[in-house]
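Observations on the three-dimensional arrangement
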Amino acid sequence: MKKISVEEAESIALSAFSYITGDDQRMSRFLSISGLRVDTIRIAAESAGFFAGILDYIVSDEALLISFAEQEKVKPEHVMQARWTLSPSEFE
């Protein structure tokens, strides 16, 4: 799998966040699972691991991953690579 840059991975994460927030049901589920609230998202978004967390959330739900990848016209593997770029495994 081709390695992608941090900038590209962050761009994918930003698109993923926009995808999540663009639908009330997806947003509600994200808030429920993440423990964030609407009024705390802006603060959370300033943390170093926010983009990695967004991609962790997207890839943890296969249906969400596939739906997002289809909207972005990319392969799910590309989203997975972005996730690995921002949050590499200690087992690599």
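In what follows, the structure referred to is the one given above.
Residues numbered from 1 in each chain as written. Predicted model: local features only at pLDDT ≥ 70, side-chain atom pairs only at ≥ 80, totals over all residues. Heavy atoms only, no water.

Of all hydrophobic cores here, the largest spans 25 residues; its most connected members are Ile 20, Phe 30, Ile 54, Leu 55, Ile 58, Phe 68 and Val 79. Sorting elements by how many residues they give to this core places helix α1 (residues 6-21) first, with seven residues. In this structure, Ile 58 is in contact with Ala 16, Ile 20, Leu 64, Leu 65, Phe 68 and Val 79, ignoring residues within four places of it in sequence. (Core = buried A, V, L, I, M, F, W, Y, C linked by side-chain atoms within 4.5 Å. Buried < 20%, exposed > 50% of the residue type's maximum accessible area, 1.4 Å probe, protein only. Helix = DSSP H or I, 4+ residues; strand = E, 2+ residues; numbered from the N terminus. Contact = heavy atoms within 4.5 Å.)

Turning to the packing of aromatic side chains, a few remarks are in order. Any pair of aromatic rings gets described here by the distance separating the centres and the angle formed by the planes. All chains considered together, the criterion is met by five aromatic pairs. Look at Phe 17 and Phe 30: their rings are 6.4 Å apart centre to centre, the planes differ by 70 degrees, and that puts the pair in the edge-to-face class. Of the two residues, Phe 17 sits in helix α1 while Phe 30 sits in helix α2 (residues 24-34), which places them 13 residues apart along the sequence. For Phe 30, a relative accessible area of 3% gives the class buried. On the basis of an interplanar angle of 55 degrees and a centroid distance of 5.5 Å, the ring pair of Tyr 19 and Phe 68 is categorised as tilted. Residue Tyr 19 is located in helix α1, and its partner Phe 68 is located in helix α5 (residues 62-72); the two are separated by 49 residues in the primary sequence. This pair shows no difference in class: Tyr 19 is buried, exactly as Phe 68 is. Every member of this aromatic cluster is reached through a ring pair, and the members are Phe 17, Phe 30, Phe 50, Phe 51 and Tyr 57. (Phe/Tyr/Trp six-rings, centres within 6.5 Å; stacked < 30°, edge-to-face > 60°.)

The geometry of a pair of packed helices is captured by two quantities: the angle between their axes and the separation between those axes. The N-to-C vectors of α1 and helix α6 (residues 76-86) enclose an angle of 120 degrees; their axes lie 9 Å apart at closest approach. For the element pair α1 and α6, the recorded crossing hand is left-handed. Taking contact as the criterion, the partners of Val 6, Glu 8, Ala 9, Glu 10, Ile 12 and Ala 13 in α1 are, on α6, His 78, Ala 82, Thr 85 and Leu 86. Here the contact of α1 with α6 is composed, by residue class, of six nonpolar, two polar and two charged. (Axes fitted to C-alpha atoms, helices over the stretch in contact; angles between N-to-C directions. Left-handed = near helix turned anticlockwise from the far one by under 90°. Nonpolar A, V, L, I, M, F, W, Y, C, P; charged D, E, K, R; others polar.)

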